[in-house]
Amino acid sequence: MNPEKFILVCNGAECRNPGAEEIYNNLRHECSIHNADDVQVIRTGCLGFCAHGPVVKTLPDETLYAGVTPEDAAEIVENHIINGKKVERLLYNKNESKQNVKVDNADFYQKQFRIVLRNCGIIDPENIEEYIARDGYAALEKVVFDMNPDDIIAELKSAGLRGRGGAGFPTWMKWNFTKQVESDEKFVVCNADEGDPGAYMDRGTLEGDPHSILEAMTIAGYCIGAKKGYIYIRAEYPLAIERLQKGMEDSRALGLLGDNILGSDFSFDIEIRLGAGAFVCGEETALIASIEGERGMPKPRPPFPSVKGVWGKPTLINNVETWANIPVIITRGGEWFSKIGTEDSRGTKVFALTGKIRNSGLVEVPMGTTLREIVYDIGGGIPGDKAFKAVQTGGPSGGVIPAEYLDTPIDYIHLKELGSIMGSGGMIIMDEDDCMVDVAKFYLGFSVDESCGKCSPCRIGGRTLYNILEKITTGNGELEDIEKLKTIGKAMQTASLCGLGQTAPNPILSTLKYFEDEYLAHIKNHRCPSKKCKELISFHILADKCVGCTICAKNCPVNVIDGAVREVHTIDQSGCIKCGKCFEVCKFNAVFIK
Amino acid sequence: MASDIKELTFSQELVSFIEEWKGKPGNLIMILHKVHEEFSYIPRDVAKKISEMLEVPLAKIYGVITFYHYFKLTKPGKFNIQVCMGTACYLKGGEDIIQELENILGIGINQVTDDGKFSIEAVRCVGCCGLAPVAVVNGKVFGSLTKDKLSEVLAEYENK
């Protein structure tokens, strides 16, 4: 019997861990108990709704269940699937009014438009037939039989797609450069070394729709005249690796990869190369060195990889999200694609919405969507009625955008104007409790750690900037430090060898631009306005609120809280390690931070 | 050390993997990954043996091992607790989680408990930002952690 009903179990990283696999197994078991042959249970890629996982969706009635446990499987199958009565208590609804929420009506999905994530959460990523059923490999067939390489470039040009890895270079130009170079051998590379802390868009795509990447790379091989591709992927993403490998085997078996693709005389194959935890390997020349088994140190450009890449041969490198757009542009046409987004930035962008936000998860929106729409309409706002402070885009290479710019449309040019960058798609929301100096220090610490050490502006400049921030956050800052930060930062931007060093000062420069008062409070008043920097805060007990319950004294790990039962307690500041335990355990709000 | 002698025996799977990759250009990182999978770190004697098998200078192997965070030169605990230090986890208290683990286990980052059972590692973003703060123990992810939940997490491994 052909299935008429579908139960989709999200198998993204964040649903799998709290039991998606067990939920899947239980649902299948329940279906077999009820002899429900017309129901198919499918493990899908990330549905994007990560904050409310594990998530289960039913089709065709589009019901979204959130926070599902393995024990709920019986109820879902018996009540909903068999008896047509939805399990009210599991329905996702922002207002908790318990009305049925259709998936597309959930605020989280309403403003989204999915091209890159078109199949994520819909198909079983390990089943090539499901990909094919959704127009998969139609683009490959089209290019191999009906298009010549110049047609493909023309299509990309009319689409206006720009590289999604960070810099936003026009994709068609990159393809064209590599195509034009004469060489006996060329390579296609997928940059899947997603190292930006707080970003997992590529993981979602690779795990949820691996064939879209394989198909796109094969198209590129046909276009530029390459026979071999490499996927350079983080070793930290084992599931994505496994699915890519399975995907490659399946597509080879169907003649979609390997020798004589689709019976034509075009041959192309792909190999996986593992990264080993070096952020700098996201930079093209460092990535190439790493594929070659070397230390991932960047080289000066030119020569660009399109001329001299892997093994010295012309190489086309695109990032995962860029690749995922390609098949759609080919099947639906560049003109269709170019109508999505803004004049400057066509198409959509996937963001990993995280930090202090209610609906953290993967979202894909048309370029030009405003930050406010993403934070409040899709993201559901800030939890705990805290005030929005800033959103950080572009990770360690990007910057912060404060509340007054929430209505800025997101595209390459606007983000740049605000002193940030599009980056790969990390979008981290910060609230009033986050100290901007500390945030800048966090990102800089990351860049210092990841600097390969080859050029001195990055190696020495980064360390010096970090030391100054350390000084400021421990209350030893001086006023001239602010000028020093700016001078060194600008020097690094100009003089560093690669993108890592050139962009490492961005988090400092942008926090200085919008939150200089916070730096000044640390320096002049030895005060951290967000009460985050430990050296600048102290814990005290309010005499009028303390009832002498002793819970703080009992929990203090260093025993510096004194006081008899039912008497006001005091903290000996000299021994306090500022762990905040007393603040956490006090039930009477008697502990305050100064 | 006696334990090291035992470790120096490469499994058949590892040997055939090395044979398969030996002739391919740029094989070193892929081979080191396989070695790491088998030993959970790269002991010096193993690096030497790889150097002989591939005919690559030991210095080059060490150059690569020390460049990449993923490869370790010391043996982690049986249960290596990797605390995510991605941005989302950092903002939501990842540092406090590390501190509390250090208090409970009495070891610092990259150290191993005396019984060899636990070690603590601060790792780069594990890509589970929606569950922040997150820790990973031998592949299993624990999300939305609080200091109080840590004893529960450790208890899962105490008797293993």
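Criteria and cut-off values
- Residues numbered from 1 in each chain as written.
- Chains lettered and ligands numbered in written order.
- Predicted model: local features only at pLDDT ≥ 70, side-chain atom pairs only at ≥ 80, totals over all residues.
- Pairing = 2+ DSSP bridges.
- Helix = DSSP H or I, 4+ residues; strand = E, 2+ residues; numbered from the N terminus.
- Axes fitted to C-alpha atoms, helices over the stretch in contact; angles between N-to-C directions.
- Parallel < 35°, antiparallel > 145°, perpendicular 65-115°, else oblique.
- Left-handed = near helix turned anticlockwise from the far one by under 90°.
- Contact = placed C-beta atoms within 7 Å.
- Nonpolar A, V, L, I, M, F, W, Y, C, P; charged D, E, K, R; others polar.
- Domains from an automatic or database assignment.
- pLDDT = per-residue confidence, 0-100.
- Buried ≥ 20, exposed ≤ 12 C-beta atoms within 10 Å, placed from the backbone.

Chemist: Got a minute to help me understand the sheet that holds strand E11 (residues 388–393) of chain A in this structure?
Modeler: Sheet strands line up and pair through hydrogen bonds in the backbone, either parallel or antiparallel. Residue and element names in this part refer to chain A. Strand order in the open sheet formed by five strands is E10-E9-E13-E11-E12, with mixed pairing between adjacent strands. Edge positions in the sheet fall to strand E10 (361–366) and strand E12 (399–402), since each has one partner strand and no second. If you compare each strand with its neighbour and ignore which way they point, the axes differ by 30° on average. Judged from the five bridges that link them, E11 and strand E13 (residues 426–431) form a sheet pairing that is antiparallel.

Chemist: Explain the packing of helix H7 (residues 94–105) of chain B against helix H8 (residues 150–158) of chain B here, please?
Modeler: A pair of packed helices is characterised by two quantities: the angle between their axes and the separation of those axes. All names here are of chain B. For the pair H7 and H8, the least separation of the axes is 11 Å and the interaxial angle reads 55°. Relative to H8, H7 is oriented oblique. As for how H7 packs across H8, the hand of that crossing is right-handed. On H8, the residues that touch Ile97, Glu100, Leu101 and Ile104 of H7 are Leu150, Ser151 and Leu154. Of the residues contributing to the contact of H7 with H8, the split by class is five nonpolar, one polar and one charged.

Chemist: So what exactly am I meant to see when it comes to the domain arrangement of chain B here?
Modeler: Interface extent is often summarised as the accessible area lost during association of the parts. Partitioning chain B into structural domains gives domain 1 (2–67) and domain 2 (79–158). Of note, the centres of domain 1 of chain B and domain 2 of chain B, computed from C-alpha atoms alone, are 29 Å apart.

Chemist: Would you explain the confidence of the model for chain A in this entry?
Modeler: In low-pLDDT regions, the fine details of the predicted coordinates are not to be read closely. Per-residue confidence for chain A averages 93 on the pLDDT scale, and 97% of its residues sit at or above 70. Every residue in residues 96–100 of chain A scores below 50 in pLDDT, and together they form seven contacts with partners more than four places removed in sequence or on other chains.

Chemist: Mind showing me how you'd approach the pairing of strand E9 (residues 348–355) of chain A here?
Modeler: Regular strands place side chains that alternate from one sheet face to the opposite one. Residues and elements named next belong to chain A. The buried count for E9 comes to eight of eight residues, which makes it a mostly enclosed element. As defined by bridge partners, E9 adjoins E10 across six bridges and the pair is classed as antiparallel. Along E10, the bridge assignment pairs Leu353 with Gly361. Hairpin connection of E9 to E10: five residues between the antiparallel strands. Bridge analysis of E9 against E13 gives four bridges, and the strand direction is parallel. Bridging from a neighbouring strand, Thr354 pairs with Ile428 of E13.

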